Amino acid sequence: MLSFVIRRLGTMALTMLCLTMIVFFLINLEPNLKKLAISQTEMHTSAEQLEGWLANHGYRQNFFVRYGQWLGVLPKQPVTDPTTGKPAQRFTFCNDPVVPTFSGVIEGDFGCSTKFKATVASKLFPALGATGILMFWVLAVMVPISLLIGILAGMREGSRTDRVLSVASIASTATPEYVSGVIFTVIFASWLGWLNGSAASASQGITFYNFTLPVMTLAIYGIGYIARMTRASMVEVMTQQYIRTARLKGLSFGSVVVKHALRNALIAPFTVIMLQFPWLLTGVVIVEVMFRYQGFGYTLVEAAGNNDIDLLLGCSLVSVFIVLITQLISDVGYAFLNPRIRVQ
Amino acid sequence: MQVEYISAVNVVLGVLSRFWPVWIALVIVMGASFAYKKKLALYGQLFDSGVGIVGVGICLFWLFTAIFASTISPFDPLAQVPIMKDVLPGGIEPQSGLVYLFGGDKLARDVFSRMVYGSQIVLIIAPAATGFALMVGITLGLPAGYYGGKIDTVLSFLANLVLAFPVILLFYLLVTPGIMDTPIPYALAGVFFLFPIIFFSVLFWTRYKNRPDRIYILLGLTLVIGGWIYLGLVFDKDPLHIVHIDPNQLNIFVAVVFASSPGVFRIVRGLTMDIKTRDYVAAAQTRGESPWYIMLWEILPNARGPLIVDACLRIGYTTILLGTLGYFGLGLAPESPDWGTAIKDASRLLRSFIHPALPPTIALMSFVLGLNLLADSLREQSMKD
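Nothing here was measured: the structure is a model prediction, and the numbers come from that model.

Colleague: Would you mind going over the confidence of the model for chain A with me for this structure?
Modeller: A low pLDDT means the predicted coordinates there should not be read in detail. This prediction gives chain A a mean pLDDT of 81; 91% of its residues lie at or above 70. Here helix 15 (residues 339-343) of chain A stands out as the element of chain A with the lowest mean pLDDT, 60, in contrast to helix 6 (residues 160-173) of chain A, whose mean of 88 is the highest.

Colleague: Any chance you could explain the confidence of the model for chain B here in plain terms?
Modeller: Residues and elements named next belong to chain B. Here chain B averages 85 in pLDDT, and 99% of its residues register 70 or above. Here strand 1 (residues 91-92) is the element of chain B with the lowest mean pLDDT, 76, and helix 13 (residues 279-287) is the one with the highest, 91. Here the complex is predicted with pTM 0.87, and the ipTM for its interfaces comes to 0.84.

Colleague: Teacher, can you tell me more about the UniProt feature "domain: ABC transmembrane type-1" (unreviewed entry) in chain B here?
Modeller: As annotated in UniProt, the feature "domain: ABC transmembrane type-1" (unreviewed entry) corresponds to residues 119-375 of chain B in the numbering used here. Within residues 119-375 of chain B, the helical portion is 78% and the strand portion 0%, while the C-alpha atoms at the span's ends are 20 Å from each other.

Colleague: I tried to follow the packing of helix 2 (residues 20-35) of chain B against helix 4 (residues 50-67) of chain B on my own but got confused; where do I start?
Modeller: The relative placement of two packed helices is expressed as an angle between their axes plus a distance between the axes. Residues and elements named next belong to chain B. Where helix 2 contacts helix 4, the axes come no closer than 9 Å and their chain directions differ by 135°. Considering their axes alone, helix 2 and helix 4 lie oblique with respect to each other. In this structure, helix 2 crosses over helix 4, and the sense of that crossing is right-handed. Residue-level contacts link Pro-21, Val-22, Ala-25, Leu-26, Val-29 and Met-30 of helix 2 to Gly-57, Leu-60, Phe-61, Phe-64 and Thr-65 of helix 4. Split by residue class, the contact of helix 2 with helix 4 holds nine nonpolar, two polar and no charged.

Colleague: Just checking my understanding: could you explain the packing of helix 5 (residues 120-155) of chain A against helix 8 (residues 208-238) of chain A for this structure?
Modeller: Residues and elements named next belong to chain A. Between helix 5 and helix 8, whose axes approach to 6 Å, the crossing angle comes to 35°. As for how helix 5 packs across helix 8, the hand of that crossing is right-handed. Class assignment of the residues belonging to the contact of helix 5 with helix 8 gives a composition of 23 nonpolar, five polar and one charged.

Colleague: In this structure, what is going on with the UniProt feature "transmembrane region" (unreviewed entry) in chain A? I would like to understand it.
Modeller: Those residues carrying the UniProt feature "transmembrane region" (unreviewed entry) are residues 12-29, 134-155, 176-194, 206-227, 266-291 and 311-337 of chain A in this numbering. Across residues 206-227 of chain A, the secondary structure splits into 91% helix and 0% strand, with the terminal C-alpha atoms separated by 28 Å.

Colleague: Where do I start with the interface of chain B and chain A in this structure?
Modeller: Interface extent is often summarised as the accessible area lost during association of the parts. At the junction of the two partners, chain B supplies 34 residues and chain A supplies 37 residues. Among the elements of the structure, helix 7 (149-163), helix 8 (167-174), helix 15 (304-327), helix 16 (339-347) and helix 17 (358-384) of chain B are those that each provide at least two residues to the side of chain B that touches chain A. Ranked by residues supplied to the side of chain B that touches chain A, first place goes to helix 17 of chain B with nine residues. Residues of the side of chain B that touches chain A, tallied by class, amount to 22 nonpolar, nine polar and three charged.

Basis of the calculations
Residues numbered from 1 in each chain as written. Chains lettered and ligands numbered in written order. Predicted model: local features only at pLDDT ≥ 70, side-chain atom pairs only at ≥ 80, totals over all residues. pLDDT = per-residue confidence, 0-100. Helix = DSSP H or I, 4+ residues; strand = E, 2+ residues; numbered from the N terminus. UniProt positions renumbered as here; feature names shortened; annotations may be inferred. Axes fitted to C-alpha atoms, helices over the stretch in contact; angles between N-to-C directions. Parallel < 35°, antiparallel > 145°, perpendicular 65-115°, else oblique. Left-handed = near helix turned anticlockwise from the far one by under 90°. Contact = placed C-beta atoms within 7 Å. Nonpolar A, V, L, I, M, F, W, Y, C, P; charged D, E, K, R; others polar.

What follows is the structure, given as C-alpha cells:
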C-alpha cells in the first residue's frame, strides 16, 4: 500500500511539473506578453518602449531560466534600473528582492500579481478560503440528496419511483450551471423575489438570502451524476446472492437495504464523488462569475482575462493539485473501503 | 411609435406554425421508423421505450431545426430593428408585420431567430468535434490497450495530463484571440485532422491488402477526400473553395477535440483490455492475423455498443462545453447567435428583462436532455442483447 502511494505521489509530481510547464509556455506566448506590456505601461507607448518594459522586467530571459526561477530552482535576478544602472525591485508593490535569491513556488513564493498589484499569495489564499466555504455547502447539499435519490431509485429496479427519479437525474445532468443559474435566478430572484441574484455581499457575511442560489446552481449538475452512479451500484448489489439470502431469512426489506446493501453500494459513489471535484472546479468558475462571488473561480477569470502571469500560474497549480489529490484519495479510499482490493 | 403586441395564445400558435418544416420532417421520419422498426436493428429497438422515443424525437427536432433554420426564422439573426429593442414576446415589427415571437434582446435582434440559428452552430460543431475525438481516441486507445507496456504507459500519462487540466483553464489558455497569431492551433489541427485519414487507411489496408481490386479504390478515395478536407480545414487552401472554416471556429474545434479525446482514449483502452482476452481474438491471433487487423476488425466492432452510448453522451457534453465557451465569450464572435453567447448576454440583464434568457437556456437544456435520454435508452437496449 505504501509503495503504491509513493509511486502515485511520484507520478503526481511529474504530472504537475509537465502541466505547469505547459501552462507557463502558453501564458508566455508572444501575443500574451505583448498584451501584458500594453496593459502595464501607459497609453500610446511605442513598440520599443513595450519591448524595453518586457526586457527590463525579465520577461525576455530564456524560457527555461524563467521557469526555473518561478519554480525556485534558479535564483531570481533583480532588474536593473535603466536610469541609475543599479539593481532595483522588479515589482515594487510586491517587495521583490534587490539581490539574487531563490524564491519560487518550492520556497513558497507564488510571485507577483500584475493585475491586483499585490503578491499572488495575498490574493489567492483568501479566494481559496471563500471557495472552500462555497464547496462545503455544495457538498453538504449535493452528497446526501444524490445518495438518497440513488438509493431510492436503485432499491427496486424498474419500479415507478425508479423511472421517475432516473429521468429526473438525467434531466439534472443535462443542465449545466449557466443554464440552471439563469433559470433559478429567473424563478427565485426575478419572479418570486425570495433570493438574491447576486452573491457579492456573501464576502461580508453568508446568509440564506444571498448564498442559496450559487449553492443550488452548483449542486444540481452534480446531483444527477452521483445519483445515477449510486443507482447503478445499488441495483448491482440488490441482485447479489447475500441479499436474497437475507430476504429469505425473513428480514424486512427496509432492514436488508439499510444493513446489508447500503454499505456495499456506497463504495462506488465514493469514487465518483471524489472524481467530481475537477467538474466542480469548472462549475465554481461559472457560478462565481455569474453570481459575482469573489472566490477562486472569480480570481482565475480575472487572471486569465488580464494576462496576469503569476496569478494564473498560481491558479493552475492549485487546480491541478486539487484534481490530482482527489484522484489519489479516490484510489486509496477505494482500496481502503473495498476489502477485496485491500487484501491484494 | 408604439409597438403592438399579439396575445400569448397567438405567440404559442405562431411558434408552433413557424416550425412547420420540422413537424413535417419529424412525422415522416418517425412514421417511417415506426413502420420499419423491426428491420432497423438497434435504432428500431429505441422505439420500444417511451424514453427512447422522446430522446430520438428531441434530437431529430433540433436536427431539422438546424437544417431548415432559414425557413423557420422570420428574421435575420444579426439584423437590428431599433424600435424593437427589449420588446416583450409577441411584439409586431411595424415594417414587415412579422412578429418578434420571443421578443427582442438589448441589441434589438429577434430572440426566436437567434435561437433557431444558434442550433446550426451547435449541431455542426458538436457532432463533428465528437467524431474527431472518437477517431483520435480510438486510433490511440486500441494500441494502448492491445499492446500494453511502454506504449500504454506513455499514452496513458499523456491522456491523464490533459484530463488533469480543469477544462475551463484549458479553454482560457487555448482559445484566446492572441493564440491565433501563433502556429499552435494550426499545428494541433494538423495533428488531429490526420487521425481520420490514418484510421481509414489502416482500416481498409488491413482488411483488403490482398485484394488489389478493392484496396486501390478505397485507399485512393480515403486519401483524396481526406486530403481535400485536410487542405481546406488546416491550411484553408481548398482548391475548389468549398471546405472552409473560420480561424476562430477552427480554434474552438481544436480545443474541444483536445479536451474530449483523452476521455474516449480511456474508454477504448479499457474496452480493448477487456475484449482482447476473448476467444475470438485468440483465434484471430492463431490464424496469424496482423495486430492492427485484430484491433480494427475484431476488437473495435465488439466494442461498438458502449462507444455509441458514449458518443451520444459526449455530443451532449460537447454542447455544454460550447455553451461554456460562449458564456465566457471565448472564441466565438460576440454577435454570434450560438446559445452560450446568447445566455451570457441575457444573464447580465436578468434584473430588467428575463425573456431573452429563457429561449437559449431551454434550447440548450432540451437538446442535451434529448441526447442523454437517447444514450440511456441505447444503453438499456444494448444490455438486453
